[in-house]
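Topology and contacts: notes
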Amino acid sequence: QVQLVESGGGLVQAGGSLRLSCAASGSIFSINAVGWYRQAPGKQRELVAAIISGGSTNYAGSVKGRFTISRDYAKNTVYLQMNSLKAEDTAVYYCAFREGRYEFDYWGQGTQVTVSS
């Protein structure tokens, strides 16, 4: 089992920055991908960014060039640096770890990000 705890959300003005953190504990040696999702009110949850085994990264088109995902293996922590935030980035952000082939298996509780325009 893997436990994930997010932190770093909050209220920020448009154009500002936030860094989200996701601390992992438990059996993470078999994890092959880590990611950040978000869900805005009335919308489906969407993948924001992910790191796949081997180190390649994927980003949603709406955040490319503004958000950066990174992983600190020594600290078992995944980060999402969010710059040039927009009102449409307002959502609950979740980190997720995957040990299978397709779906993410483990989820954090979510952290609220609110961007005021």
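The following refers to the structure shown. These numbers were taken from a predicted model, which means no experiment stands behind them. (Residues numbered from 1 in each chain as written. Predicted model: local features only at pLDDT ≥ 70, side-chain atom pairs only at ≥ 80, totals over all residues. Heavy atoms only, no water.)

We now examine the sheet that holds strand β7 (residues 67-72). On the basis of which strands lie adjacent, the open sheet formed by 4 strands has the order β1-β3-β8-β7 and antiparallel pairing. Taken across any chain shown, the strands that pair with only one partner, and hence form the sheet edges, are β1 (2-7) and β7. Across this sheet, the average inter-strand angle for adjacent strands is 15 degrees, counted without regard to direction. Where strand β3 (residues 18-26) and strand β8 (residues 77-82) come together, 6 bridges link them in antiparallel fashion. Looking across to β8, one finds that Ala 23 is bridged to Thr 77. (Pairing = 2+ DSSP bridges. Helix = DSSP H or I, 4+ residues; strand = E, 2+ residues; numbered from the N terminus. Axes fitted to C-alpha atoms, helices over the stretch in contact; angles between N-to-C directions.)

If you look at the biggest cluster of nonpolar residues, it comprises 30 residues, and the most contacted ones within it are Leu 4, Trp 36, Phe 67, Leu 80, Met 82, Tyr 93 and Phe 97. Looking at this core, the elements with two or more residues in it are β1, β3, β4 (33-39), β5 (46-52), β7, β8, β9 (91-98) and β11 (111-116). Once you skip the residues sitting within four places of it in the chain, Phe 67 turns out to touch Arg 38, Val 48, Tyr 59, Leu 80, Gln 81, Met 82, Asn 83, Leu 85, Asp 89 and Tyr 93. (Core = buried A, V, L, I, M, F, W, Y, C linked by side-chain atoms within 4.5 Å. Buried < 20%, exposed > 50% of the residue type's maximum accessible area, 1.4 Å probe, protein only. Contact = heavy atoms within 4.5 Å.)

Attention now moves to the pairing of β5. In the case of a regular strand, side chains alternate between the two sheet surfaces. In terms of strand pairing, β4 meets β5 through 6 bridges, oriented antiparallel. Looking at the pairing, Gly 35 lines up with Ala 50 of β5. Once β4 ends, the chain turns through 6 residues before running back antiparallel as β5, passing Gly 42 with a positive phi of about 80 degrees. Bridging between β5 and strand β6 (residues 57-59) involves 3 bridges; their strand directions are antiparallel. Along β6, the bridge assignment pairs Ala 50 with Asn 58. Hairpin connection of β5 to β6: 4 residues between the antiparallel strands, including Gly 54 at a positive phi of 105 degrees.

Coordinates in, geometry out; function isn't part of it.
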